[in-house]
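Listed here are the chains, written in short residue letters.
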Amino acid sequence: MYRVLVSDNLSPIGLKLLEDHPEIDLVYEPEIHKDPSALKEALATTDGIVIRSGTKLTEDVLSGQKRLKVVARAGVGVDNVDLVAATRQGIVVSNTPDGNTLSTAEQTIAMMMGLCRNIGPASQSMREGRWDRKLFTGTQLAGKTVGVIGLGRIGLAVARRCNGLEMNVLGYDPFLSEERAAEQNIELYRDIDELLVKCDLVTVHTPLTDETRGLINAERLKKMKEGVRLVNCARGGIIDEEALLEGLESGQVGGAALDVYVTEKAGANDKLASYPNVLCTPHLGASTEEAQEQVAVEAAEIVCNFLTRNEIRSAVNMVPISGKELEAAKAYLDLAYRLGLMLAQLAGSEGIKGAELQYRGDVTSQPVKLITSAFTSGLLSAALDDTVSIVNSDVTAKDRGIAISQTSTSETGAFATMISATVRTDQREITAGGTTFGNDFLRLVKLNDYQLDAYLDGLMLIYRHKDVPGLIGAIGTTFGKHQVNISHMALGREKNEPGGEAVAVLNLDNAPSEEALKEVQGHPDVTGVQLVNLPPAKAPLPWLGL
Ligand SMILES: NC(=O)c1ccc[n+]([C@@H]2O[C@H](COP(=O)([O-])OP(=O)(O)OC[C@H]3O[C@@H](n4cnc5c(N)ncnc54)[C@H](O)[C@@H]3O)[C@@H](O)[C@H]2O)c1
Ligand SMILES: O=C(O)[C@H](O)COP(=O)(O)O
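As the structure is a computational prediction, the values presented were derived from the model and not from experiment.

A. Geometry of the site of ligand 2. As a structural note, the neighbourhood of ligand 2 is formed by Arg52, Ser53, Ala74, Gly75, Val76, Gly77, Asn100, His283, Gly285, Ala286 and Ser287. Of the residues belonging to the shell around ligand 2, the class tally is three nonpolar, seven polar and one charged.

Now the structure itself:
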C-alpha cells in the first residue's frame, strides 16, 4: 500500500478517488499544513502528497524525506514548493495546470468590474441602510485600455474576455509570439514600460518568480497614467504592496482589486483592505465547484498513477512521461543507465569532468532528455548509491560540476539504434556504445575504438591484450582452475585486423578471486584488466526513482 497525505482542503470527489484506490492508504489532514513540524513528521511515512496553496513544502520540511516520491499540486502555482530541494531529493512535483484557468479568468473580470463599478462599497452601504447613488459613480470598461502582463493560460483567457468587453487589449509576455498575440487581437509589447504608460487598467498573470517579484514597483507606478487601476489575481508580491499603498495614498493609483497577497492570513492585509477603492478577496480565484472538482480529480490521478503505474504527468521538475511511453522507452533508459554505470567504473577514481551522449537511429523518437538523465544517474550512482535517481541526476551532476551534453541524429549507422557515451576524466576519454537487440537484449557494441558484441549485464571482466594465438585458451584455463564460469565472451580488435591490440569482455557467472585476477593480470600478453559490475539482465529499475 502507498500512503498518500492530503494536507489542504480538497474536493470530496478527489478524496473519494484516493479512498477507493485499492493500493492507496489515504490520510486526510487538511489542517496539518498549519504546523510545519507536524507536516514534516507526517511526510516521513508518506509516499505521495496532494497540496493546495496553503501547504508550504520548504527546504526544511522536505529535507531528509526518504519515502516521499511525488507531490501533486491541486492547482497551478508551485511557488509554495521549494522545487530545487524537491528535485535534489528526487521528488517529482506535478501540478494541474488547466483545471482552474476559466474560474480564475472569470474572477479577474469580476474583480475588474467590481472595482470599476464600486460593487463592494455600494453593497456595503446598502447593508448599512444608506442609498448613496452619487458616491458610487463608476467607470465604464468598454473603450478603456487594459494591459495584460503574462499571457499564459489565464492571461489569454482574460484577454479574450476583455476583447469581448470592447476594451483595447495590450499584452506583455516575453514568451509569446507576435503571431499568436495577433490571432487573439492583442497588441503585443516587447517592452513592459512602453505598455504600462498607455493603460487605464493593468492585470498581472505571471507566476511569482525572482523575476516577477515586484514587477510592478514604485518606479513603474509613478510613470503610469494617474488614476490607473491594478488587478492582481495571480500572486501576492508581483505588485509591490508597499508601492501600491503609497500609490493609493497619493492618488496615483485610482484603485486596486486583489485576490492574492504576500502574507495570506487573517489580519495581515487590513491596511490595504481599508481603502474604499481597494476590492479584496481572500485568494478565491480557483474557488469554484467546477475548478475544485477538476483539480482534485487530476491531482488524485497524478499521485495514484505515479505510485502505482510509474506515470509522470504535468511534472514541473522533470520530463513528463505516461506509463505507456515509459514502457516504450524502458529498454533505452536501462541501456543508458548501464552505460553510465559501466563508464563510472571504468573511470575509477579519475575525476569525471563531463560526458557527451550521441543518439542515433530509432532511439531519437524516444524522450532522449530523460534517457540522458538515466545515463547520468548510472554515472553518478556508482559513487552516490541510492541517493541519485532519474529525477535528481541532472541537478546532482550540475552541483558537482559535471557537464552532460547530448546530440541526436535520426540517421542510422551500423545499427538501427545506438547510444554512444564518451566520458571525460582528468586524464582521458572513455567511450562506450550500446544497442538493443529486439527490445529486451542490451549489448555493448563499442568500447573506445573497438567494435564488439558483449552482454551488458552482470559481472563483466574487461581486459586489453595483444592479439596473439593461445591467449583466450590461457585465460579460460586460468578461470577454469579457479572455478569461475564464463557465460559469454566478446572480442574486439584494433582496426578489426589480426596481430594488434585487442580488447575482450567476458561475462562471468561468479566473481573471480584476487588470485585468479592476479594470474590474468600477470599474463605477459595482457595489458590491463578491469571488473565491471552491472545489474543482472532485465533487473527491476529502482534507480528510476519512480
Ligand atoms: N488567484 C488564484 O486563485 C489563482 C488561480 C490560478 C493561478 N493563479 C496564478 O496565476 C499564475 C498564472 O497561471 P497560468 O495558468 O496562466 O500560468 P501559465 O504558466 O500558463 O502562464 C504564465 C505566463 O506568464 C509568463 N511570464 C513568465 N514570466 C514573465 C515575465 N517576467 N513577464 C511577463 N510574462 C511572464 C509566461 O510566459 C506564461 O505565458 C500562476 O502562476 C498562479 O500563480 C492564481
Ligand atoms: O495557483 C493556483 O492554482 C491558485 O492560486 C489556487 O490556489 P488554491 O488551490 O490554493 O486555491
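B. Structural view of the site of ligand 1. Taken together, 31 residues lie near ligand 1, and Gly77, Gly150, Gly152, Pro207 and Gly285 sit nearest. Of all the elements in the fold, those that place two or more residues in the shell around ligand 1 are α5 (101-116) and α7 (153-164). Broken down by element, the shell around ligand 1 gets its largest block of residues, three residues, from α7. Grouping the amino acids of the shell around ligand 1 by side-chain chemistry returns 14 nonpolar, twelve polar and five charged.

C. Fine view of the sheet that holds strand β18 (residues 450-455). With respect to topology, six strands assemble into an open sheet ordered β14-β13-β15-β16-β17-β18, the strand pairing being mixed. Two strands close off the open sheet at either side, each with one partner strand: β14 (403-409) and β18. Between one strand and the next, the sheet's axes are offset by a mean angle of 20°, whatever the strand orientation. Judged from the nine bridges that link them, strand β13 (residues 352-361) and strand β15 (residues 417-425) form a sheet pairing that is antiparallel. Each bridged residue has a counterpart across the sheet, and for Arg360 the counterpart in β15 is Met418. Helix-sheet contacts for helix α14 (residues 323-347) involve β13, β15, β16 (429-437) and β17 (441-447), and the interaxial angle to β16 is about 155°.

D. Representation of the sheet that holds strand β20 (residues 486-493). As summarised here, the arrangement of the four strands in space is β20-β21-β19-β22, forming an open sheet in which the pairing is antiparallel. In the strand order of this sheet, the two ends are held by β20 and β22 (526-533), each with one partner. The sheet shows a mean angle of 15° between the axes of neighbouring strands, direction not considered. Of the strand pairs in this sheet, β20 and strand β21 (residues 501-508) are connected by seven bridges, and their pairing is antiparallel. Each residue of the ladder has a partner; that of Gly492, found in β21, is Val503. Relative to β22, helix α18 (residues 514-522) is tilted by about 145°, and along the sheet it contacts β19 (459-466) and β22.

E. Seen up close, helix α1 (residues 12-20). Every buried residue of α1 is accounted for by Gly14, Leu17 and Leu18. Along the long axis of α1, the arc covered by the buried residues comes to 95°, so they all point the same way. Of the exposed residues in α1, the ones pointing more than 90 degrees away from its buried face are Pro12 and Asp20. Of the surrounding secondary structure, the elements contacted by the buried residues of α1 are β1 (2-6), β2 (24-28) and α13 (289-309).

F. Spotlight on the packing of α1 against α13. Running from N to C, α1 and α13 point in directions that differ by 20°, and their axes come no closer than 7 Å. Looking at the two axes, α1 sits roughly parallel to α13. Helix-helix and strand crossings are classified by hand; for α1 and α13 the assignment is right-handed. For the pair formed by α1 and α13, the contact residues are Ile13, Gly14, Leu17 and Leu18 on the first element and Glu293, Ala296, Val297, Ala299, Ala300, Glu301 and Cys304 on the second. Taken together, the residues of the contact of α1 with α13 break down into eight nonpolar, one polar and two charged.

What counts and how
Residues numbered from 1 in each chain as written. Chains lettered and ligands numbered in written order. Predicted model: local features only at pLDDT ≥ 70, side-chain atom pairs only at ≥ 80, totals over all residues. Near = placed C-beta within 6 Å. Nonpolar A, V, L, I, M, F, W, Y, C, P; charged D, E, K, R; others polar. Helix = DSSP H or I, 4+ residues; strand = E, 2+ residues; numbered from the N terminus. Pairing = 2+ DSSP bridges. Axes fitted to C-alpha atoms, helices over the stretch in contact; angles between N-to-C directions. Contact = placed C-beta atoms within 7 Å. Buried ≥ 20, exposed ≤ 12 C-beta atoms within 10 Å, placed from the backbone. Arc of directions from axis to C-beta. Parallel < 35°, antiparallel > 145°, perpendicular 65-115°, else oblique. Left-handed = near helix turned anticlockwise from the far one by under 90°.

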